[in-house]
Each structure stands twice: as C-alpha cells, then as structure tokens.
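# Fold and contact review
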Amino acid sequence: MRAIWKGAVSFGLVSIGVKLYSATEEKDIRFHQVHREDGGRIRYKRTCSVCGEEVTYDDIAKGYDIGGGEMVILTDEDFADLPLTSSRAIDVLEFVPAEQVDPILYNKAYFLEPEGAATKPYVLLRDALIDSERVAIVKVALRQREQLATLRVREGVLLLNTMLWPDEIRTPDFGFLDEDLKVRPPELAMASSLIDSMTGEFEPDVFTDDYRAALQEVIDAKVEGREVVQPEEVEEAPAAAVDLMAALKASVERAKAARGEQPTRGGGGGEPTPISSARSAQKAAEKKAAKAPAKKTAAKKTAEKKAAEPAKKTAAKKTPAKKAEPAKKTAARKTAPRKSA
C-alpha cells in the first residue's frame, strides 16, 4: 500500500505521527471507451464553450455558478488563505460510544500507521480506545476539505472513518409517511417469525459478487479464445402475492427449508409461531369445554362399572357350584340300586 497522507494525531498535548492509507478498494471491472472498428482509445479534449479553443490545465480555473448565466471565477490565490487547507493534524475533539454514531454518516475508511518514534503513543491511544469502549470524534483536512471523522480500532490498527456532515444527509419526504397505515398483529407476528427463521451470524466472506465473477469469466474466455460457459439460471423471483399472510407463511417455510429444517404437516413452519401457538391454545380450550360433560358421564359409567365388578365376581363363583348339582344327582342314582340288591 502507498501512503496518501502524512500528519499527526493530536491527542491532548500528545502528538502521534501517522501515515494514512486507503482501507478499502473497489473491485469493479473497469472498461475504456474504444473505437469499435480498430480498438483505438477515445480521447476527450478540454474545449471552451465560448471560443471553442482547446484549453490546457494551466488555463483552467474554478467557477461557481450563481444562476442567471453568471459565473464567479476563483483562482489558486483565492484558496490560499482558507483555514485548514494545508493542515496536517487529526484533532481529537471528544470520545463517544460507538452506537451513538449513525452508520449513515460514515463515508470512507483509512488505516493509520505510526511513523518513526510515534509507535508507543500510537499503541497507548489504541489500547485506551479499546479499554474505554469508545470512538474518538476528530476533525481532519483531506483533499482541501475539512471533514468530520471517527477514530476506532480494527484488528489492532487505528481506523479513520470520514463522515458526512449532518446537513449532507437528506430528509426522506415520501407520501406514504403521512398515510394512516396500520399493520394487523397477526401480520406483525408472522413477519417476526420470518425474521427469526432467517436470523444468523453475519459472515461477509460467504457472500460473493456473482455478476463480477460472470463478467470476469466472459473476459477470460475472450482472451483465451474459448466459448463462454453459460452460468446456471437463477430462479426467478415469485410474483408479488396479493395475500400478505400467505406470502409470509410461504416465506417462513422457504427459509426453514433453506436451513434444512423439516416442514410441518400441512405446509406450516417447523416450529410453532406466535400465531399458531395462540390458535392451538384456543382450539384446545374449545375442545376441553366441549368434552367436559362427556367426561363426567364417562366418569359416572366408570364408577357404576367398578361397583358392579364385585357382584359379577361373586356370581361367577356361585355359578360353577350350581352346575355341579347334576353330577351329584347322577352319582346318587348309581349308588341306590346297589343298596337294594
């Protein structure tokens, strides 16, 4: 990496010499405009719209349009006396909790490297930021512009995040914000269930730029003189559903299927949602109320049945004795003739 700025972090009366490096880089595939016939690069000339002459960089000044076709021309001398245009200091203004900084304010990120003998105070500031669990709010002049920024720690290195000024953040002005739209509790519960089914840990490395990869494949194939392998067709997004609840339920089912969870019978979600739990509880209460009289009748019948069981057992014992009587009579008849002889 090449340092794009050198200066010092002003931390109270402590000055920490640092070098500034761009912490990010765009991976977009860039193209040149060329002549289709022979591949020659297209060049643009800087011409004056009034006289039509080509203008060199030395003859170019900055103009501010004040409207009505009038232009105020500013030269390098006009910018020379402006404050902080050549300042090489990163002034620490205050320390605040990181969650108090709205992410919409963040602009660009830069790594800071200690320069020369500034390593020890650099490490001291780094460790103090970690212990305090805060970020430093600073001011810095970059590219002839004063900018607000934060100073925090990332992977053991101080990271400078330039920020937009509050008046550079647009205020959303959309018609629907004035409409009285109300979301039904079942819809909100189902949406929350969908969020729960899609909740995970953010791992940026698992996401890829599929378009850039496909475009690079086209370029490589052109260079190597081979045919381009067509990528797999992406599943088309389903049409907008009219029934919001049906769309939410289908989304929950799809999210669970993507996680490898077994769908429930009837096409519902795998785990009970707030809505399904409430409905199940209601149905259970209705069934309990409907079955209450039946249970009482069944209990009476059971009691009567239990009471009748001893009598049945007694009758069963007496019945074998009665059945034995014919055998006794037969034996008596056989014995009688012998006595008469």
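Keep in mind that what you see is a predicted model, and the values were worked out from it rather than measured. (Residues numbered from 1 in each chain as written. Predicted model: local features only at pLDDT ≥ 70, side-chain atom pairs only at ≥ 80, totals over all residues. Heavy atoms only, no water.)

Attention now moves to the packing of helix α3 (residues 185-197) against helix α5 (residues 244-258). When two helices pack together, you describe them by how their axes are tilted relative to each other and by the distance separating the axes. For the pair α3 and α5, interaxial distance at closest approach is 9 Å and the crossing angle is 15 degrees. One finds that α3 runs roughly parallel with respect to α5. As α3 packs across α5, the resulting crossing turns out to be left-handed. Here Pro 186, Glu 187, Met 190, Ala 191, Ser 193, Leu 194 and Ser 197 of α3 come into contact with α5, specifically with Leu 244, Met 245, Leu 248, Lys 249, Ser 251, Val 252, Ala 255 and Lys 256. Across the contact of α3 with α5, the residue classes break down as nine nonpolar, three polar and three charged. (Axes fitted to C-alpha atoms, helices over the stretch in contact; angles between N-to-C directions. Helix = DSSP H or I, 4+ residues; strand = E, 2+ residues; numbered from the N terminus. Parallel < 35°, antiparallel > 145°, perpendicular 65-115°, else oblique. Left-handed = near helix turned anticlockwise from the far one by under 90°. Contact = heavy atoms within 4.5 Å. Nonpolar A, V, L, I, M, F, W, Y, C, P; charged D, E, K, R; others polar.)

Turning our attention to the pattern of salt bridges. Evaluated as defined, the whole model comprises nine salt bridges. Among the ionic pairs, Glu 168 bridges to Arg 145, the shortest N-O distance being 2.5 Å. Taken as a pair, Glu 168 in the loop between β9 (157-163) and α3 and Arg 145 in strand β8 (residues 145-154) lie far apart in primary sequence, 23 residues in all. Look at Arg 145 and you get partly exposed, because its relative accessible area is 36%. (Salt bridge = Lys/Arg side-chain N within 4 Å of Asp/Glu carboxyl O. Buried < 20%, exposed > 50% of the residue type's maximum accessible area, 1.4 Å probe, protein only.)

In the sheet, strand β7 (residues 135-142) pairs with β8 via seven bridges, with the strands oriented antiparallel. In the sheet register, Ala 136 faces β8, and the bridge partner there is Leu 151. Following β7, the chain reverses through two residues before pairing antiparallel with β8; Arg 143 in that reversal takes a positive phi of roughly 55 degrees. Summarising the sheet, β8 and β9 pair through seven bridges and their orientation is antiparallel. By the bridge assignment, Arg 152 is partnered in β9 with Leu 159. Taking the residues between adjacent antiparallel strands as the criterion, β8 and β9 are bridged by two residues, where Glu 155 takes a positive phi near 55 degrees. (Pairing = 2+ DSSP bridges.)

With respect to burial, β9 is a largely interior element, six of its seven residues being buried. Where strand β6 (residues 106-114) meets β9, five bridges bridge the pair, whose relative direction is antiparallel. Directly across from Phe 111, in β9, lies its bridge partner Leu 159.

Let's shift gears to the sheet that holds strand β2 (residues 14-22). To summarise the sheet geometry, strands pair through backbone hydrogen bonds and adopt either a parallel or an antiparallel arrangement. Reading around the circumference, β1-β2-β6-β9-β8-β7-β5 is the order of the seven strands in this closed barrel, with mixed pairing throughout. Recorded for the sheet is a direction-independent mean angle of 40 degrees between the axes of neighbouring strands. Pairing of strand β1 (residues 5-11) with β2, which is carried by seven bridges, proceeds in the antiparallel orientation. Within the sheet, the bridge partner assigned to Lys 6 lies in β2 and is Lys 19. Against the sheet, helix α2 (residues 119-132) makes contact with β1, β2, β5 (89-96), β6, β7, β8 and β9, and its axis sits at roughly 75 degrees relative to β8, the strand it touches most.

Moving on to α2. Compared with an ideal rise of 1.5 Å per residue, which puts 14 residues at 20 Å, α2 spans 20 Å between its outermost C-alpha atoms and is within 8% of the ideal. Every buried residue of α2 is listed here: Tyr 122, Leu 125 and Leu 129. Taken end-on, α2 shows its buried residues confined to a sector of 65 degrees, consistent with a single buried face. Away from its buried face by more than 90 degrees, α2 exposes Lys 120, Leu 124 and Asp 131. Glu 133 sits one or two positions beyond α2 and adopts a positive phi of about 55 degrees. (Expected span 1.5 Å × (residues − 1). Arc of directions from axis to C-beta.)

Turning our attention to a nonpolar patch on the surface. On the surface, Tyr 64, Ile 66, Val 72 and Leu 74 cluster together into a nonpolar patch covering about 360 Å² of accessible area. At the level of secondary structure, the elements contributing two or more residues to the nonpolar patch comprise β3 (62-67) and β4 (70-74). Here Ile 66 shows up in strand β3. For Ile 66, a relative accessible area of 48% puts it in the partly exposed group. (Patch = residues over 30% accessible without salt bridge, like charges linked within 9 Å, V, L, I, M, F, W, Y side chains within 5 Å. Areas by Shrake-Rupley, 256 points an atom, 1.4 Å probe, with all protein chains shown as cover.)

A word on the nonpolar core. In this structure, Val 9, Val 18, Ile 90, Leu 112, Val 138, Leu 151 and Leu 160 are the most contacted members of the largest nonpolar core, which totals 21 residues. The set of elements that each furnish at least two residues to this core consists of β1, β2, β5, β6, α2, β7, β8 and β9. The element that contributes the greatest number of residues to this core is β7, accounting for four residues. Not counting residues up to four positions away in its chain, the partners in contact with Leu 112 are Val 9, Val 18, Lys 19, Leu 20, Ile 90, Tyr 122, Leu 151, Val 157, Leu 158 and Leu 160. Counting residues in hydrophobic clusters, the runner-up holds seven residues, among them Val 96, Val 101, Leu 105 and Leu 148. (Core = buried A, V, L, I, M, F, W, Y, C linked by side-chain atoms within 4.5 Å.)

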